[in-house]
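The primary structure of each chain is shown beneath.
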Amino acid sequence: MIRIRNIGALLLGTTALISTNCALAQTSDETPDNEDIIVVTGSQIQGAKINDVLPVTVLDEQAIEATGAASGEELFAAIPQVGTTAFNEQNTTGGVNGARGDIASINLRDLGTGNTLLLINGRRMNLHPGFQTELLVPVVSPDTNEIPPGSVKRLEILRDGASAVYGADAVAGVVNTILKGNMTGGFIEADWRASDGTSLYSTSISGGYGFDFAEGRANLTVYGSYFHENGAPVTIRDYAAFDDRRALLEGTPFEGDASFNNRSTSSPYGQFDIQAPSSRTPIGDDDFYLQPSTFSGCRLDFGNGICARNGTTPTTDVRYNTNFGVDLFSQKDRYNAALLLNYELSDSIEFYLESSYYRSESRRANEASALLSAVPVGISRDAYYNPFGPVGSPNRLPGTTIAAGGADVIMERMRFVDVGTRDVSVDKDSYRLVAGFRGNFGQWDFDTGFVYSQANSIDLTRGRISLTKLQDVINRTTPDAYNPFNGGCLENQGTGPNNGDCTPNPQSVIDDITIDVFRKGETTLALADFKVSRDNLFALPGGDVGIAAGVEFRRETFKDDRDPRLDGTITFTDSVTGDFNGSDVVGSSPSPDTSGRRDVFSAFAEAFIPLVSEDMDIPLIRELNVQIAGRMEHFKDIDETAIVPRAAASWTPLPGIILRGAWSKGFRAPNLVQVNDAGTTRSNTRDDFVTCQAQVEKGLIANLGACSGTGTVSLRTGTNTLNPEKTESINLGVVLEPEFIPGLTLTADYWRVKQRGIVGVFGDDNAIALDLVRRQNGSTNPNVQRNDPDADAIDLFTGTSLAPAGSIIQVLDPYLNLDSRVSKGWDFGLFYNVPDFGIGDIRLRLNAARLLSFVQSAGPDGQELLDAIAAGTLPADVGVGGLGELLEIEGRPKWRLSGSVSWGSGPVDVTLFGKYIGKVYDTSVIRDDLIISDDPNANFYQVSDQFTMNLSVSYTINNDTALDGTRLKFGVHNLFDEDPPLADESYGYFSELHSARGRQFVVELRKKF
C-alpha cells in the first residue's frame, strides 16, 4: 500500500498539535479521510514521530480564511514571525532598478529578504525575476503573490534554521505551502470587496474540481482563479496625497518638523547655471532658480508671472508635490491555474505530477521624471528659449550685460511635469512543473522528482525622457523647441506651484522627447533529487530509529535585460559641456545587463533517535527524542562548499509538558545579482566631508551638519569571491497541554540567530567619512576617487589641517562580506478547542512574536569610523547608520501578534480576527530639541503601534436541494477603519508593515459540489 499521498503534507492528528504555535491542521472536506500524513516540515524522515521536536506554526484552511487575505502578501503578513515585506507596490526605492508591480516577498524574523526558504508541496519555489535593494544591497525572493490563499490547504512555518535539512536560504526558517490536492468533488467561489469611502474595489473568482479514476488508484485535481483590482490614486488618503505632512503633526512634539515636508526641490521651476560672470545679470549670481513673481527675492523678471532668484536651493514654497497625479494602488489582474495528478502504478510506486501557471498584470502612474543632480543638461546660447542668448534672439531678456554672442546655460534641476506622470506596467508569467515517483521498496520509502520553474517579467515605462532627444529639442532655434524657462503653476491659478504645470509645452514637442523604457527579467530553477528514508531502521528501548538521506542537483539562472538607453548601448554626451553619461534616460543611472548561472550539488543525512519512551518507566523522563542532521552543498559559480550540522531534542518530563531545543548552523550563498553585477552606478546627493571640514576650519560653515550635498556617483560591483553568509541558530522551547484543561495547548520558544559575513556595501557616505578620518592621519581611502585639486581647492585647503583634495569622481562600493548580526526573540502560542458545552464549536488561537534584540556589529572599516567618533577625531555630526541595536528601528517592532476567535453552530459561523504590530521609530526624523533619555530612540519620531480587527459571518445551506453546500459570507476587514500610523515615507506610512486599504467590506459566495 502506498504510504504517501501528498508530499509535504503534515501534522495531522493529535500529535501534530504539540508542535504548533497557531493552529491544528485539519483535513478539509475535499480531502479523503484515509490520506496518510507522514512527512513533517523540518524532517525528511517519512513517518517518524518527530513532531514534538520542531517549532512549527500551522495554518489550516479555517485559519487562512480568518485572516481575510486576498493575496499571498496579505496572508503572510498575518503571521507575526514574518517581518517586513520589502517587495511591495508602494515601495518606491530604486525606481526602475527595483522590483515593481504586483509583487510581495517574505522576510522571516526580519533576518533579511532571501533568508527564508519557500517550498510548495515540499520543494523550493523559483525566485522573482526582479530584485529589491535592502541596505544598498540587491536581495531576491520568491513572489508570495504567486500563492493565492484559496489554493492553499495548509501553511507550515518552521521557525528555526534548517539549512542542514533543506539547504541554502533556510537561515531564518522554512515556509511550506501545501496545495489542495486529492479532491473528490469541487467548489466555486466568488468574492467582492471594497474600501470604505474610496473608489478602490476588487473582485475574484476561483474554483476547483477533483476526481478519482483508474478504479480509485489515481486522482486528478484542477483549479484556477482570477483576481482584479481597479486601482486608486493617492488622493483617496490624505496622508498619501501630499508630500508636505506637517499639518498631520499638530499638537505633537514634532509639530512643524521640516523632515515631514518632502516636497521636491526638482519642480517645473528649474534651477540653472549661467555660463557667464555673476556680474552680467541683476541676479548677481551665475546660479539661479525660477519662482512665481509674487515670491520674495526676485532678481530678474522673466515675464508671465515668474522671475529668477539667486542661489541653488529653491525656497520651500516652490518645491513640488511628487505625489501629484500618482497612484497609491495599481490596477492589477492575477490569473492562476494548477493541475495535480497522483497515479498508483503499483502497490509500491506512485507517479505524481504538479503543474501551475501564474500571470500578473499591473499598471500605475508614478511621479514625473526629474534630472539627476549628477547629470545636468547644457542649453546652447543659440537655443530658441535661452533668456541669455545672442543680441536679437527672440527671448533674450533685457537688463543684462551678457555678451552680444550670448551665454550657454546649464540646466541643473528640473522636473518635467508637463510630460506627465510615468505610466508603468509590469507583466509577469510564471510556470512550474514537478514530476516524480514515490513509494517504497521493502521497508524503505523513496521520493525522486524533477522540478522546472521559470518566471519572466516585463517592466515597461511610458513617458520617460531621452537625454539626447531632450537636449536636441531644447536647443532647437525655432519656436518648436522645448521651453524649460516657463515655470509651473502660479499661486493665483488654483493649484499653486506645488502641483501640476499650468504652462506646458505643446504635446507635439513633448512627443519629440519622450520614450518607452523596458526592463526584462527572467529566472529559472531546475532541480532533481532522490531521497530515501526509513522510520524503523532498528529498534532502541525508546522506539524505532528513523533515518533519511538524499542527493540533489539544482541549477538557477538569472537574466536582467535593460533597455539599450540604460545598459550603455545608447549613451548621452552633452553637446554643450562634453560630459558623458552611460544612461540616456532622464532620472536613471546607467545599469548594465546582468546574467548568471549557479549549479549546486548537495547531499544530506538525517536521523531520528528515540532514546526514552513512556514504556521504559524512567522517572521525569517519559520521552526523550533526538534529531541529528547534516548537509553539504557545493556552489560551482563561487567555488565554495558549505557543510552544516543540526541537532535537536525533545524531553517530556511529565504528562502534558514537553521541553525542546535545537542547535544548527546554516548558510546563505550570495545571490546571483551580488555575484554577477558587472558594475552598477548610482547617483545620490552626498556630503563631501573632506571639503566641508576645510570649510569648517576656514569659518565658512558652522559645522559638518551644515555641509551642502552634491551629486555623487557610486560604483557597486559584484564578485565571485564572495563567501556564503554563515549562521548559528539556537531554539529552546516548552509545550504545555494541561490535562485539567482538555483541548488547550500553550507554547513558548526562545530563539537566537547569529549571522556572520553578511553581504553588503560599506556605503558611499561612510566611505567619504572614512576618507576624512584617514586624511586627518595623513592617508586616504582609495575607494574615494578624486580629481586633482584645482586652484580653488588649493586655496580652500591652505591653512587647514588637511592636504588639498579635489572633487569626487566616484566612490567604489563593491559587495563584500562585511558585518555580523545577532538577533534574539520569543514566540508564544495558544490554541484552544473549547469543549462542547452545547453552545456550538468555539476555537481560540493566538500567535505572538517578541523581538528581544537585533544587534548589527561593524566590520573593520565601520569600526574605524566608530572609533574616530568616540575619540572625537570625527565630529559627531557624522553619523554611522545601520549599526548597533536596531530593535524598533524602521521595521522591527518588539511585538507582533495575531489571533482569532471562531464560533460555529449549525449553518452559522462567526470569526473575529485581530492583528497587532508594535511601534517602531523612523530615524529620518529627529527632534529639533533633543531630550536626554535612557532610550536610545527617544529623539526619533515614533511610528505608533496598530491593532486591527476583522469580523466575518457566514451561513451555509445544508439540505437536499440544488443549494446544498452553498455558503454566503459577509465580512468587514479593519473593522474600526484604522489608518496606518504616520511615517516619513513616500506615501506617509511604512508600506513594509502596514496597509492603506482601510476598512473593507467583503461579500463572498461559495458553492461546493
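No experiment lies behind these values; they were computed from the predicted model shown.

> Honestly, the pairing of strand E13 (residues 287-292) in this entry has me stumped. Any pointers?
It is a general feature of regular strands that their side chains alternate between the two faces of the sheet. For E13, a buried count of six out of six residues is recorded, marking the element as mostly surrounded by other parts of the structure. Here three bridges tie strand E12 (residues 271-274) to E13, and the two strands are oriented antiparallel to one another. Within E13, the residue paired with phenylalanine 272 across the bridge is phenylalanine 288. Of the strand pairs in this sheet, E13 and strand E15 (residues 306-310) are connected by five bridges, and their pairing is antiparallel. Its bridge partner lying in E15, leucine 290 is registered against alanine 308.

> Would you mind going over the packing of helix H8 (residues 689-697) against helix H9 (residues 764-776) with me for this structure?
Two packed helices can be described by the angle between their axes and the distance between those axes. Relative orientation of the contacting elements H8 and H9 amounts to 50 degrees, with a least axis distance of 8 Å. For the element pair H8 / H9, the angle class is oblique. Here Phe689, Val690 and Gln693 of H8 come into contact with H9, specifically with Asp765, Ile768, Ala769, Asp771, Leu772 and Arg775. Considering only residue class, the contact of H8 with H9 consists of five nonpolar, one polar and three charged.

> Quick question: what am I supposed to make of the confidence of the model for the chain here?
Atom-level detail of predicted coordinates should not be read off regions where pLDDT is low. Averaged over all residues, the pLDDT of the chain equals 89, while 94% of them reach at least 70. Ranking the elements of the chain by mean pLDDT puts strand E4 (residues 132-134) last with 75 and helix H5 (residues 467-474) first with 98. Segment residues 1-39 is flagged for pLDDT under 50; beyond a separation of four residues in sequence, or across chains, it makes 151 contacts in the model.

> I tried to follow the environment of aspartate 243 on my own but got confused; where do I start?
For aspartate 243, the position within the fold is in the loop between helix H4 (238-241) and E12. By relative accessible area, aspartate 243 is classed as buried at 3%. Once the C-alpha coordinates of aspartate 243 and serine 986 are considered, the two residues, 743 residues apart in sequence, prove to be 7.5 Å apart. At a separation of 3.4 Å, a polar atom in the side chain of aspartate 243 contacts the side chain of asparagine 323.

> Help me understand the packing of H9 against helix H11 (residues 860-871) in this model?
Closest axis-to-axis distance for the H9/H11 pair is 10 Å, and the angle between their directions is 60 degrees. Considered as vectors, H9 and H11 are oriented oblique to each other. For H9 against H11, the interelement crossing comes out left-handed. In contact with Asn766, Ala769, Leu770, Val773 and Arg774 of H9, H11 contributes Asp861, Glu864, Leu865 and Ala868. Class assignment for the residues of the contact of H9 with H11 results in five nonpolar, one polar and three charged.

> Would you mind showing me how to read a positive patch on the surface here?
Among the surface-exposed residues, Lys665, Lys726, Lys754 and Arg756 lie close enough to one another that they form a single positively charged patch. For lysine 754, a relative accessible area of 31% translates into the label partly exposed.

> Help me understand the packing of aromatic side chains in this model?
Any aromatic ring pair is given by two values, namely how distant the centres are and how the planes are angled relative to each other. What the rule picks out here adds up to 25 aromatic pairs. Between the aromatic rings of tyrosine 226 and tyrosine 335, the centroid separation amounts to 5.1 Å while the plane-to-plane angle is 40 degrees, which identifies the pairing as tilted. One end of the pair, tyrosine 226, is in strand E10 (residues 218-229); the other, tyrosine 335, is in strand E17 (residues 331-344), and 109 residues separate them in sequence. Looking at tyrosine 335, the relative accessible area reads 30%, which means it is partly exposed. A ring pair is formed by phenylalanine 254 and tyrosine 941, whose centres lie 5.2 Å apart and whose planes are at 85 degrees; its orientation type is edge-to-face. On the criterion of sequence distance, the pair formed by phenylalanine 254 in the loop between H4 and E12 and tyrosine 941 in strand E45 (residues 940-943) is long-range, its members being 687 residues apart. The exposure classification of phenylalanine 254 matches that of tyrosine 941, with both residues buried.

> Explanation requested: the sheet that holds E13 in the structure shown.
The pairing of strands in a sheet happens through backbone hydrogen bonds and is either parallel or antiparallel. Spatially, E14-E15-E13-E12-E20-E19 is the arrangement adopted by the six strands of the open sheet, whose pairing is antiparallel. This sheet does not close on itself; its edge strands, each paired only once, are strand E14 (300-303) and strand E19 (377-379). Neighbouring strand axes in the sheet, compared pairwise and without regard to direction, differ in orientation by 35 degrees on average. Summarising the sheet, E19 and strand E20 (residues 409-413) pair through three bridges and their orientation is antiparallel.

> How do you make sense of H5 when you look at a structure like this?
Since the α-helix turns once every 3.6 residues, residues separated by three or four places project in the same direction. Within the sequence span of H5, burial applies to Leu467, Leu470, Gln471, Val473 and Ile474. In an axial view of H5, the angular spread of the buried residues amounts to 165 degrees, which keeps them on one side of the axis. The distance from a side-chain oxygen at the start of H5 to the backbone nitrogen of threonine 468 is 3.3 Å, and the residue carrying that oxygen is serine 466.

> Looking at this structure, I do not really get the state of the cysteines. What am I missing?
Two cysteines form a disulfide when their sulfur atoms are joined by a covalent bond. By the definition in use, this model includes three disulfides. For cysteine 298, the disulfide goes to cysteine 307, at an S-S distance of 2.0 Å. Between cysteine 298 and cysteine 307, the S-S dihedral sits near -55 degrees, and the bridge is therefore left-handed. According to the relative accessible area criterion, cysteine 307 is buried, its value standing at 2%. A sulfur-sulfur distance of 2.0 Å marks the disulfide that ties cysteine 489 to cysteine 502. With the S-S bond torsion at 95 degrees, the cross-link from cysteine 489 to cysteine 502 turns out right-handed. Residue cysteine 489 is located in the loop between H5 and helix H6 (507-511), and its partner cysteine 502 is located in the loop between H5 and H6; the two are separated by 13 residues in the primary sequence.

> What am I meant to see in H9 here?
With 13 residues, H9 should cover 18 Å at 1.5 Å per step; its first-to-last C-alpha distance of 19 Å lies within 8% of that length. Of all 13 residues in H9, 11 are buried, a share of seventy percent or more. Structurally, H9 contributes buried residues whose contacts are with strand E31 (680-686), H8, strand E32 (710-716), strand E36 (784-786), strand E37 (808-812) and H11.

> Is there a simple way to explain the pattern of salt bridges in this structure?
In this structure the tally under the stated criterion is 59 salt bridges. A salt bridge links glutamate 156 to arginine 154; the shortest N-O distance between them is 3.5 Å. Arginine 476 is the partner of aspartate 480 in a salt bridge, and the nearest nitrogen-oxygen pair spans 3.6 Å. We classify aspartate 480 as partly exposed; its relative accessible area is 37%. Here the salt bridges do not stand alone but share partners, grouping Glu74, Glu89, Glu229, Lys332, Arg364 and Arg997 into one network.

> Explain a nonpolar patch on the surface to me, please; I cannot follow it from the model alone.
Residues Trp192, Tyr201, Leu968, Phe970, Phe1001, Val1003 and Leu1005 make up a contiguous nonpolar surface patch of about 610 Å² in total accessible area. Those elements that place two or more of their residues in the nonpolar patch are strand E47 (966-973) and strand E48 (1000-1008). Here the nonpolar patch takes three residues from E48, the largest share from any one element. Within the secondary structure, valine 1003 is located in strand E48. Judged by relative accessible area, which is 32%, valine 1003 ranks as partly exposed.

Conventions used here
Residues numbered from 1 in each chain as written. Predicted model: local features only at pLDDT ≥ 70, side-chain atom pairs only at ≥ 80, totals over all residues. Heavy atoms only, no water. Buried < 20%, exposed > 50% of the residue type's maximum accessible area, 1.4 Å probe, protein only. Helix = DSSP H or I, 4+ residues; strand = E, 2+ residues; numbered from the N terminus. Pairing = 2+ DSSP bridges. Axes fitted to C-alpha atoms, helices over the stretch in contact; angles between N-to-C directions. Parallel < 35°, antiparallel > 145°, perpendicular 65-115°, else oblique. Contact = heavy atoms within 4.5 Å. Nonpolar A, V, L, I, M, F, W, Y, C, P; charged D, E, K, R; others polar. pLDDT = per-residue confidence, 0-100. Polar contact = N/O pair within 3.5 Å; in protein donor to acceptor, adjacent residues only side chain to side chain. Left-handed = near helix turned anticlockwise from the far one by under 90°. Patch = residues over 30% accessible without salt bridge, like charges linked within 9 Å, V, L, I, M, F, W, Y side chains within 5 Å. Areas by Shrake-Rupley, 256 points an atom, 1.4 Å probe, with all protein chains shown as cover. Salt bridge = Lys/Arg side-chain N within 4 Å of Asp/Glu carboxyl O. Lys, Arg positive; Asp, Glu negative; His and termini not counted. Charge placed at Lys NZ, Arg CZ, Asp CG, Glu CD. Phe/Tyr/Trp six-rings, centres within 6.5 Å; stacked < 30°, edge-to-face > 60°. Arc of directions from axis to C-beta. Disulfide = S-S within 2.5 Å. Expected span 1.5 Å × (residues − 1).

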